[in-house]
Amino acid sequence: MNPRRRFTASALLCALAVSGSALALDAPKERPILAVSGKIAEKNAGDVARFDMKMIEALPQHSFTTTTPWFDKPVKFTGPLLADVLAAVKASGTSVSAVAINDYKITIPAGDATKFKVIVARLIDDKPIPVREKGPLFVVYPFDSSAELRTSTYYERSIWQLKALDIQ
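For clarity, every value in this text was computed on a predicted model and none was experimentally measured.

Student: Where do I start with the confidence of the model for the protein chain in this structure?
Tutor: Predicted coordinates in regions of low pLDDT should not be interpreted in detail. Taken residue by residue, the protein chain gives an average pLDDT of 89. The fraction at 70 or more is 86%. Counting contacts from residues 3–22, a segment whose pLDDT is below 50, to residues more than four positions away or on other chains yields one contact.

Okay, structure coming up:
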């Protein structure tokens, strides 16, 4: 290989290595609030990906206002899309087992994340969600966007006090 091609190939490999490491999931700097395990390619703590609140805040943020069975008026939810959380860990499964602080567990089809634009809410009405009020993380469907979502199936999948996701 001539020197010019060798330099070009080396530069390309270096650029790929740098860009790949820039996309790696950093370790949390504060207390982790969410653990993601199972069929994931990006990990930062052994076989698990752990997120602190700053890492959740760093993901693209989305909001919607919807009525729910848990509040007496429409509420604005803000946080990353569940699809963005799954993309951050390079999830490859078809189902997500979501676990709450009290160990309540529900299975969410991975397809729901993109089909319905499900949010992992960190704010309600622009305020952080205390643990006593269903926080700090709350998986929420945009119930007002479709009559299909206003059923017990989707209400049950909206897990509050979320602490872990296991991708299968």
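Student: Sorry if this is basic, but what is going on with the sheet that holds strand β11 (residues 162–167) here?
Tutor: With respect to topology, five strands assemble into an open sheet ordered β2-β1-β11-β5-β6, the strand pairing being mixed. The open sheet has two edge strands with one neighbour each: β2 (49–51) and β6 (105–109). Strand after strand, the sheet turns through a mean of 20° between neighbouring axes, direction not considered. Relative to β6, strand β5 (residues 95–100) runs antiparallel, the two sharing five bridges. Of the residues in β6, the one forming a bridge with V99 is K105.

Student: Would you explain the pattern of salt bridges in this entry?
Tutor: Once the charged atoms of two side chains with opposite charge are near each other, the side chains can pair. Scanning the entire structure with this criterion turns up seven salt bridges. Across the pair E30 and K54 runs a salt bridge whose closest N-O atoms are separated by 3.9 Å. Residue E30 is located in the loop between α1 (3–22) and β1 (34–38), and its partner K54 is located in helix α2 (residues 53–58); the two are separated by 24 residues in the primary sequence. Relative accessible area serves as the criterion here: at 41%, E30 is assigned to the partly exposed category.

Student: Help me out: how do you make sense of the sheet that holds strand β4 (residues 75–79) in this one?
Tutor: Hydrogen bonds between backbone groups are what pair the strands of a sheet, and the pairing can be parallel or antiparallel. Read across the open sheet, the four strands follow the order β3-β4-β8-β9; overall the sheet is antiparallel. Edge positions in the sheet fall to β3 (62–66) and β9 (127–128), since each of these pairs with one other strand and no more. As paired strands, β4 and strand β8 (residues 123–124) are joined by two bridges and run antiparallel to one another. Bridging from a neighbouring strand, F77 pairs with I124 of β8.

Student: How should the packing of aromatic side chains be read in this particular structure?
Tutor: Between two aromatic rings, the relevant description is the distance of the centres plus the angle of the planes. Counted by the stated rule, this structure contains 13 aromatic pairs. Pairing W70 with W160 gives two aromatic rings, centres 5.4 Å apart and planes at 75°, and the pair type is edge-to-face. Of this pair, W70 sits in the loop between β3 and β4 while W160 sits in the loop between α5 (152–157) and β11, and the two are 90 residues apart along the sequence. Feature note: the residues F64, W70, F71, F77, F116, F138, Y141, F143, Y154, Y155 and W160 constitute an aromatic cluster, connected by ring pairs. Across from the ring centre of F71, 5.9 Å away, lies the NZ or CZ of K134, which sits over that ring. Here K134 stacks its cationic end above the ring of W160, 4.5 Å away from the centre of that ring.

Student: Can you walk me through the nonpolar core in this structure?
Tutor: Across soluble globular proteins, nonpolar side chains have a tendency to be buried as a group. The biggest cluster of nonpolar side chains holds 47 residues, and the ones touching the most others in it are L34, V36, F51, L162 and L165. It is helix α3 (residues 82–88) that contributes the most residues to this core, five residues altogether. Those residues in contact with L162 that lie beyond four places of it in its chain are I33, L34, A98, V99, A100, V120, L137 and V139.

Student: Would you mind showing me how to read the pairing of β11 here?
Tutor: For a regular strand, the rule is simple: side chains alternate between the two faces of the sheet. Where β1 and β11 come together, four bridges link them in parallel fashion. Of the residues in β11, the one forming a bridge with V36 is L165. Sheet topology note: the β5/β11 ladder contains five bridges and is antiparallel. Along β11, the bridge assignment pairs A98 with L165.

Criteria and thresholds
Residues numbered from 1 in each chain as written. Predicted model: local features only at pLDDT ≥ 70, side-chain atom pairs only at ≥ 80, totals over all residues. Heavy atoms only, no water. pLDDT = per-residue confidence, 0-100. Contact = heavy atoms within 4.5 Å. Pairing = 2+ DSSP bridges. Helix = DSSP H or I, 4+ residues; strand = E, 2+ residues; numbered from the N terminus. Axes fitted to C-alpha atoms, helices over the stretch in contact; angles between N-to-C directions. Salt bridge = Lys/Arg side-chain N within 4 Å of Asp/Glu carboxyl O. Buried < 20%, exposed > 50% of the residue type's maximum accessible area, 1.4 Å probe, protein only. Phe/Tyr/Trp six-rings, centres within 6.5 Å; stacked < 30°, edge-to-face > 60°. Lys NZ or Arg CZ within 6 Å of the ring centre and 35° of its normal. Core = buried A, V, L, I, M, F, W, Y, C linked by side-chain atoms within 4.5 Å.

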